[in-house]
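# Residue-level structure breakdown
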Amino acid sequence: MVTSTQLPVQVDAAETRRRELAEFLRSRRERITPEQVGLPHAGRRRTPGLRREEVAQLAGVGVTWYTWLEQGRDIKVSEHVLEAIARTLRLDPHERVHLFTLAGAPEPPRDKDCRAIPSGVHVMLAKLDPLPAVVVNALTDIMAYNRGYDFLMDVSSLPETERNATLQVFTNPDWQRRLPDWQERADQLVGQLRGTMAKHVGEPAWKSLVKRLRRESPEFEKSWQRHEVRPMRNLTKRFQHHEVGMLNFEYTYLWLGQRSELRMTTYTPADEETATKLATLF
């Protein structure tokens, strides 16, 4: 039984947490400029950073609902909505965990995916070196990778919040330079993303990623409008590396469980020249 002396303490704690959440969201919103998220410059603003309605639009949530959240109202927040807001505000991993904690929500989906990767998979990634290998989730967030893959795509130089393969393929010129068959690869990625998204329709994290891609990449928008759906296939892929030149790989998808949406992609040399170059890396 809750006593009369316990209840006010619980209420005060909940109110304090909501107030902290409101102030945290406001501070993160105010540090991001419209230009950083691809919005047009709209003249001088009375306050720094993004407007509330801009955050709501980019995250794929209602303006009124997001305003209530920033006002510290007592409302329920889903994990998917929090993840979309975290992406929009470009929170780092520690800030994302802080956001979920203040909202009283379970750990972030991305962190769940990381924890869902068995320790044996990390051992396998290391053992595969110098053969490149990477683990991604359904949204193509890069969850784990080995030194071989980092050599191939320089993932370690990216902020953790930007480590999404589809995002990098369409918005990162360095990744595009590394992919001589970029157009073919880009169309394949869009078709796969649209097909997978059918299982996640309405989830804010997916809506937020697609909105950002459509806003920041005319090539993605053009391909997205074609409504093509493509299956995942094991193919041959070429990479142009600034140190060793052209590398040719055959890549294979391995799903980490019967119902898991986490998958490992492994890259094996498609010719002797590529194998020789890889053997000298580490």
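Since this is a predicted model, take the numbers as computed values, not measurements.

## What to know about the pairing of strand β3 (residues 236-241)
- Of the two faces of β3, only one is covered, namely that formed by K237, F239 and H241; the face formed by T236, R238 and Q240 stays uncovered.
- Pairing of β3 with strand β4 (residues 245-255), which is carried by six bridges, proceeds in the antiparallel orientation. Paired with F239 across the bridge in β4 is L247.
- Where β3 folds back onto β4 in an antiparallel hairpin, the turn is made up of three residues.

## A few points about the sheet that holds strand β2 (residues 142-145)
- Taken together, five strands build an open sheet; the order of strands is β2-β1-β5-β4-β3 and the sheet is antiparallel. Edge positions in the sheet fall to β2 and β3, since each of these pairs with one other strand and no more. Ignoring which end each strand starts from, the neighbouring axes of this sheet average 30° apart.

## Focus on the side chain of R178
- You can see R178 is positioned in helix α10 (residues 173-178).
- Among the polar contacts made by the side chain of R178, one reaches the main-chain carbonyl oxygen of L152 at a distance of 2.7 Å.

## Quick word on helix α14 (residues 272-279)
- The complete set of buried residues in α14 reads T274, K277 and L278. Buried residues of α14, viewed axially, fall in a sector of 100°; they line one side. What points out from α14, more than 90 degrees from its buried face, is the exposed set E272 and A279.

## Details of the pattern of salt bridges
- The full count for this structure, using the stated rule, is 21 salt bridges.
- R147 is the salt-bridge partner of D129, the closest N and O atoms lying 3.6 Å from each other. Residue D129 is found in the loop between α7 (119-128) and β1 (133-136), and its partner R147 is found in helix α8 (residues 147-153); the two are separated by 18 residues along the sequence.
- For D129, a relative accessible area of 19% gives the class buried.
- Classification of R147 as exposed rests on a relative accessible area of 51%.
- The partner of E216 in a salt bridge is R215, and the shortest N-O contact between them spans 3.8 Å.
- For E216, a relative accessible area of 27% translates into the label partly exposed.
- Because the salt bridges share partners, they merge into one network encompassing R90, E162, R212, R215 and E216.

## Some details on the nonpolar core
- Ranked by size, the top nonpolar core spans 36 residues in total, and within it V169, F170, W175, F220 and F239 carry the most contacts.
- Within the residue set of this core, elements represented by two or more residues are β1, α8, α9 (165-171), α11 (182-197), α12 (204-216), α13 (218-224) and β4.
- Ranked by the residues each element gives to this core, the list is headed by α11, at six residues.
- Apart from the residues lying within four places of it in its own chain, the contact partners of F170 are Q176, W182, A186, V190, L213, S217, E219 and F220.
- In terms of nonpolar packing, the next biggest core, distinct from the first, is built from 26 residues, F24, L58, I85 and L89 among them.

## Considerations on the packing of aromatic side chains
- Tallied over the full model, the rule gives ten aromatic pairs.
- Aromatic pair F170 and W182: ring centres 5.7 Å apart, planes at 75°, arrangement edge-to-face. Of this pair, F170 sits in helix α9 while W182 sits in helix α11, and the two are twelve residues apart along the sequence.
- For W182, a relative accessible area of 14% puts it in the buried group.
- Their ring planes at 80° and their centres at 6.0 Å tell us that F249 and Y267 sit as a pair that is edge-to-face. Here the residue F249 occupies a position in strand β4, and Y267 occupies one in strand β5 (residues 263-269), the gap between them amounting to 18 residues.
- On the basis of relative accessibility, which here comes to 0%, the residue F249 falls in the buried class.
- Y267 gets classed as buried once you look at its relative accessible area, which sits at 4%.
- Taken together, the ring pairs in this structure connect Y149, F239, F249, Y251, Y253, W255 and Y267 into an aromatic cluster.
- Its guanidinium or amino end placed over the ring of W224, R194 lies 3.8 Å from that ring's centre, counting from NZ or CZ.

Definitions and cut-offs
- Residues numbered from 1 in each chain as written.
- Predicted model: local features only at pLDDT ≥ 70, side-chain atom pairs only at ≥ 80, totals over all residues.
- Heavy atoms only, no water.
- Buried < 20%, exposed > 50% of the residue type's maximum accessible area, 1.4 Å probe, protein only.
- Helix = DSSP H or I, 4+ residues; strand = E, 2+ residues; numbered from the N terminus.
- Pairing = 2+ DSSP bridges.
- Axes fitted to C-alpha atoms, helices over the stretch in contact; angles between N-to-C directions.
- Polar contact = N/O pair within 3.5 Å; in protein donor to acceptor, adjacent residues only side chain to side chain.
- Arc of directions from axis to C-beta.
- Salt bridge = Lys/Arg side-chain N within 4 Å of Asp/Glu carboxyl O.
- Core = buried A, V, L, I, M, F, W, Y, C linked by side-chain atoms within 4.5 Å.
- Contact = heavy atoms within 4.5 Å.
- Phe/Tyr/Trp six-rings, centres within 6.5 Å; stacked < 30°, edge-to-face > 60°.
- Lys NZ or Arg CZ within 6 Å of the ring centre and 35° of its normal.

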